[in-house]
Every structure is written in structure tokens, then in C-alpha cells.
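# Geometric and topological summary
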Amino acid sequence: MHASLRCAALLGTSALPIDVQVDLALGLPGFVVVGLPDMACVDAKVRCATAIRNSGYELPHKRITVNLAPGDLRKEGASFDVPIALAVLQAAGLIPPATVATLAVGELSLSGEILPVRGVLPIALLARAIGVERMIVPEVNAAEAALAQGLEVHGVRTLADAAAAFTGELAFPPGPAEATALPAETRPDLSEVRGQGFCKRALEIAAAGAHSALLVGPPGAGKTMLARRMPGLLPALTFEEAVEATSIWSVAGKLRHGQGLLSERPFRAPHHTISVAGLVGGGSPPRPGEVSLAHNGLLFLDELPEFGRAALEALRQPLEDGEVAVVRVRGAAVLPARFMLLAAMNPCPCGHEGETATPARCNCTVLQKEGYRRRVSGPILDRFDLHVEARALSPSELSGPSTGETSDAVRARVEAARARQQERFRGLRGVHANSQLRGRALRELCGASSAALALLARSMERLGLSARAHDRILKLARTIADLENVRGVEAPHVAEAVQLRCLDRAVTGRSAEKVPTHQLARAAVLRANAPGTSPGPITQEGT
Ligand SMILES: Nc1ncnc2c1ncn2[C@@H]1O[C@H](COP(=O)(O)OP(=O)(O)OP(=O)(O)O)[C@@H](O)[C@H]1O
Ligand SMILES: [Mg+2]
């Protein structure tokens, strides 16, 4: 007596089809599971046999063999319980075969109840792709599975209900996919931040082109406050982006019970004590880390120098490639990790270096400053498109009326700039924003004038910038032009982009030349940032 049923295994954030094959033969009664199962999967035989008995069925006294095909792929976890139990019931003649192509997932308790599992959304997307018509999932995962439209999804609580759904006796409940959003009124607004017009402008540019940004400034200047308002500046997720992000959250087991599609861009702000595996993913089976949970959203690293060196260096590959390859003894998985990086730090251990506006004076020694700066490596600093200086606010700025723009007003401009980018990148795979442009596409689609390129070449020479910095400035200039709705990139756009980029010299204290050119860049920014002075290309709203 044979029976087989479809289920699925997870590899990284994607699902692979698995066939559960059951054979009942004469001989000594027994229950074996083969097909490279891990311990949790081997234990399925105990859970299944007990749950079947406690659900009112009587197992025949036969030798039961379960094979999970293909046999060369490691099967991990308890999500195979329900398909194994259903296939055993069918092979034993206790339930008739399924009437339509069916896939089942779920863990069984000994009493026959069905417990939730991870990764139901990618499994449902796979089911739709391979022509499955009916899907049996734990009740709390039903909203997630229903997102892969076109499937008959049965969210069930017990093995008896699963058997009824399997044979077509349980009515198909039309359950709408629930979208859950943070109520708008609880979102912090940009208008609450006083002053810091330069930072606000920089964050608007970062949001418009999905650029990575580093905020540097003294304690209490509002860096964390500004960063927490960044999600409100980002455009809404498209349906494809939401499905991608929700799949990752589903595999990580981070979706709330009954939650459907993520409706807001993810905002992840891990503590600086996080491990390398926690940040970029890992473990066996490989679980998504913070960089993957922030996919299509924002990763905020507050107090950047306090993060472990190894954890920060591990960010280098995902920041360049938009994905992270997690290799383990039993196979490798590529996890998506296309996120916007936002970080905040003080310029020195006491945080007051270079401050002139307040009575606070820096009392750090040169050695202390050097040690602090060296905690963040050059290659990591090089990966930030914008290096933004937040300055301490004067008492009058803090007590005066708040005149800044709201998050909604800024987001409207960001959305318009993103729409221009979408139009430009139509037909280009994997490119949604200027920061994702690479190589030839960057040169061809940037539309930089010869004056703009000449200014960039001069800046590179004078400031000793890297080739990566060259490309990043060009992308930043493209975003500034998009915000202005200008077709080509002109010299003023490059000038502002260079200014936004070059503060790292103030942060790192490094200079490529004898002449401290970083001080020029810094002085220019400080001049533009000072109240009542001509803003040049930098707008001063809110100051
Ligand atoms: N620009 C600002 N406008 C209004 N309130 C501010 C501003 N800056 C700071 N504050 C007030 O100060 C508090 C601390 O600010 P925040 O935590 O953002 O500082 P920070 O720059 O991150 O400091 P640190 O370097 O110590 O982390 C805020 O919760 C807010 O109440
Ligand atoms: Mg802070």
C-alpha cells in the first residue's frame, strides 16, 4: 500500500518541493523515516503515530516506511509532520486520496493539534508555481498562505480537520489576506525635530535614492531622533517588494500570528552587542539576520563605533551585492539583503570634538580620538554615500517654534523622485533606485554633463577620493537632480553631492594631502549650516 503527498523544505528564503512517500508492508510493526532527515524530522514518527491514534484513527500493525524525496537534500524541522500523517492515513486506507493536487505543512502535537511553522509564504508561492491547487496549513499561518493568490488555502487546527480538508470534505473558507500597518498617528514626525536643516535635507536625498548615510554629531543633537523618523520619509512598499520582505520575515518566524503582508518598509535597529550571525544571518539551517530582515527597508546602526569590528566588516559584502551568502557545513544559502544603511556616531569619545556653538569643549586626548575613529574601518566608511554632520542646537533654536516640514511633505517629494527613477530603470533587472546603479548602466543612465564630470574629476584629485567614492558621488548627484526634476546631472548637483560625501575626512581625521582639504569641505558645510547664511545648494528649511 503506497501513498504520496507534496510538501516543501526551506533553503534560505526559498522553498523547494519535497515528496512524502509512504509504504505499508507486512512484517514486524515499525515506523521509519528516511531521506536525510534531521533529528526533529526523525522524531516525526513518534508525533505522527501518537497524533493519529489520539485523533480517533487506528494504525494497522504493519511496517511503515516514510521517504522524503529527493534524498540528497537535508530535511530540517517539524513541518513535515502533517503531510507524513496524511500520507500514512491514506496509505492505510483510513482516508481516500485527495481530489485535487494538494500540498500540506504543519507540526503535530501529540494530541493531534496542528502548530504553526516558519516560511509558509515562500512555500505557498512555490505551491502556486508548481501547479498545486489546495494547500493545508496551520490555522495561524492561513493569512500568510493566502497572499499567494489562486490557491485554495485551508487553515486547520487539528489532524482530523486536515484529513477533512485533504479529502475535500471541509468547505474552502474564502479568507482575505490581512494587511497590518502601524497606525499613522503613532509614527514620529520629522516636524518634531528642531533645526538640523542640513541633516533633514541629507536624509531626504538619502531616502530619494536609497543611499546609505552616516550621521555624526555631539550627544543630544538629535541623531537618533532624526534616524527614527526616516521610515516616514520612505515611499510605500510595492506589492513585489512587500512579498519579498514578508517571505523573509516568514522564514525568520517574525510574522505575528495571523499577519498578512508587511505594509511598511522594515526598520531594523539592532543593539550594538549583536553577533555576526545575528547581523548577517547564519546557523543551521541558515536563518536570516538583521540585514535580510531589513530587505527593502532600513537598517539603523546607532552608536556605530560600539559595534563589534567583525560584525561591521561582515556588512561589506551585503552592502555591495544586495545579498548575503551564508555557507554552512550542510550547504549554502543566499539570502536577499538589499537595504538602506543609516548609522549614527559621535565624532570622538566625549562627543564634543569641533564644537563651537556650546560651552562644551572636547577633552579627549589625540590617542583616545584615534582609537575611537579606528573602530570603524575605512572600507565601511567608504560605503556611506552621505556623511552628515549634526550640530548642537542653541537654546534659542530649541525653545523657538518648530517650523520644519512634516514627514508627509518630504515623502511626497521623495516619491516623485523615486517615480522618475522607476521610469528611467524600466527594463533593468534588480535596479529600483539610483544607489543600485552599477558600472555601464551608471555611466549611460546618469546623464551627467561634461561640466559636471569635470568638476567631479577635479574634486577627486583635490580630495583624494576612491573610485567607489567617484561612482557614489555620481549616483548621489543623480538623486539630487531627480529631486529637482532635472533631466541631466549638472555641476551644482555634483558640488552638493561632493559636499555631502566628504565629511568622512572630518570623522576619520585622515587626509590624502598635506593640505587639510577636509577642513575646507567641513568649513563649507558648517558655513551652509550656520543660521542666517547663504545656503548655496543646501537648503536651510527648518533652521
Ligand atoms: N533637534 C532636536 N529637536 C528637538 N528635540 C531634540 C533635538 N535634538 C535632541 N532633542 C531632544 O534630545 C533628546 C536626545 O536626542 P537624541 O537621542 O536624538 O540625541 P543623539 O544625537 O542621538 O545623542 P547621542 O550621541 O548621545 O546618542 C531627544 O529625545 C529630544 O527630546
Ligand atoms: Mg543617539
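For the structure, check the block above.
Here's what I pulled together on the structure shown here. (Residues numbered from 1 in each chain as written. Chains lettered and ligands numbered in written order. Predicted model: local features only at pLDDT ≥ 70, side-chain atom pairs only at ≥ 80, totals over all residues.)

Our next topic: the overall build of the protein. Along the backbone of the protein there are 23 helices and 16 strands. Within the span of the protein, comprising 543 residues, buried residues form 48% of the whole. Counting only contacts in the protein whose residues sit at least 6 apart along the sequence, the fraction spanning at least 24 positions is 74%. (Helix = DSSP H or I, 4+ residues; strand = E, 2+ residues; numbered from the N terminus. Buried ≥ 20, exposed ≤ 12 C-beta atoms within 10 Å, placed from the backbone. Contact = placed C-beta atoms within 7 Å.)

Right, let's get into the site of ligand 1. Taken together, 16 residues surround ligand 1, and among them Pro219, Gly222, Lys223, Thr224 and Met225 come closest. Among the residues forming the shell around ligand 1, the class breakdown is six nonpolar, eight polar and two charged. (Near = placed C-beta within 6 Å. Nonpolar A, V, L, I, M, F, W, Y, C, P; charged D, E, K, R; others polar.)

Most of helix 6 (residues 159-166) is tucked away, with six of its eight residues classed as buried. Within two residues after helix 6, glycine 168 carries a phi angle of roughly 85°, on the positive side.

At a closest axis distance of 8 Å, the pairing of helix 7 (residues 197-209) and helix 17 (residues 407-424) adopts a crossing angle of 35°. The chirality of how helix 7 crosses helix 17 is right-handed. Where helix 7 abuts helix 17, its residues Glu204, Ala207 and Ala208 lie against Val410, Arg413, Val414, Ala417 and Arg418. Grouping the constituent residues of the contact of helix 7 with helix 17 by class yields five nonpolar, no polar and three charged. (Axes fitted to C-alpha atoms, helices over the stretch in contact; angles between N-to-C directions. Left-handed = near helix turned anticlockwise from the far one by under 90°.)

With 18 residues, helix 17 ought to run about 26 Å at 1.5 Å a step, and its terminal C-alpha atoms sit 26 Å apart, in line with that. Buried residues of helix 17: Ser407, Val410, Arg411, Val414, Ala417, Arg418, Arg420 and Gln421, and no others. Each element contacted by the buried residues of helix 17 is listed here: helix 7 and helix 20 (467-483). (Expected span 1.5 Å × (residues − 1).)

This part covers the sheet that holds strand 11 (residues 267-268). Strand pairs in the sheet, formed through backbone hydrogen bonds, run parallel or antiparallel to each other. Here we have five strands laid out as an open sheet, ordered 11-12-15-10-16, and parallel in their pairing. With partners counted over all chains shown, the strands left at the sheet margins are strand 11 and strand 16 (386-389), one partner each. Taken strand by strand, helix 7 contacts strand 10 (213-216) and strand 16, and its axis lies near 160° from that of strand 16. (Pairing = 2+ DSSP bridges.)

By size, the foremost hydrophobic cluster in this structure holds 152 residues, and its most contacted members are Ala85, Ala162 and Val388. Two domains each provide a minimum of three residues to this core, namely domain 1 (2-166) and domain 2 (179-212 + 394-543). Setting aside chain neighbours within four positions, we find alanine 85 in contact with Cys48, Ala51, Ile52, Leu108 and Leu159. (Core = buried A, V, L, I, M, F, W, Y, C linked by C-beta atoms within 7 Å. Domains from an automatic or database assignment.)

Inspection of the secondary structure assignment puts alanine 127 in helix 4 (residues 120-129). Taking the C-alpha atoms as reference points, alanine 127 and proline 17, 110 residues apart in sequence, are found 8.1 Å from one another. Excluding residues within four positions of it along the chain, alanine 127 makes contact with Leu103, Val132, Met135, Ala148 and Leu151.

Let us look at the pairing of strand 2 (residues 14-25). Relative to strand 2, strand 1 (residues 2-11) is paired through 10 bridges, and the arrangement is antiparallel. Its bridge partner being in strand 2, leucine 11 is matched across the sheet by serine 14. Hairpin connection from strand 1 to strand 2: two residues lie between these consecutive antiparallel strands, with glycine 12 at a positive phi of about 65°. Bridge count for strand 2 against strand 4 (residues 63-69) is seven bridges, and the pairing is antiparallel. Bridge pairing in strand 4 links glutamine 21 to asparagine 67.

Moving on: the pairing of strand 4. Burial along strand 4 is one-sided: the face carrying Ile64, Val66 and Leu68 is buried and the face carrying Arg63, Thr65, Asn67 and Ala69 is not. Summarising the sheet, strand 3 (residues 30-34) and strand 4 pair through five bridges and their orientation is parallel. When the bridges of strand 4 are listed, glycine 30 appears paired with arginine 63.

Residue proline 70 is bonded to the preceding alanine 69 through a cis peptide linkage, with omega at 5°. Its identity is not glycine, yet leucine 36 carries a phi of approximately 55°, on the positive side. Structurally, leucine 36 is set in the loop between strand 3 and helix 1 (39-42). Positive phi values are uncommon outside glycine, yet asparagine 485 reaches one of about 60°. Within the secondary structure, asparagine 485 sits in the loop between helix 20 and helix 21 (491-501). Looking at asparagine 485, the number of C-beta atoms within 10 Å reads 10, which means it is exposed.

Keep in mind that these numbers describe shape and distance, not what the molecule does.
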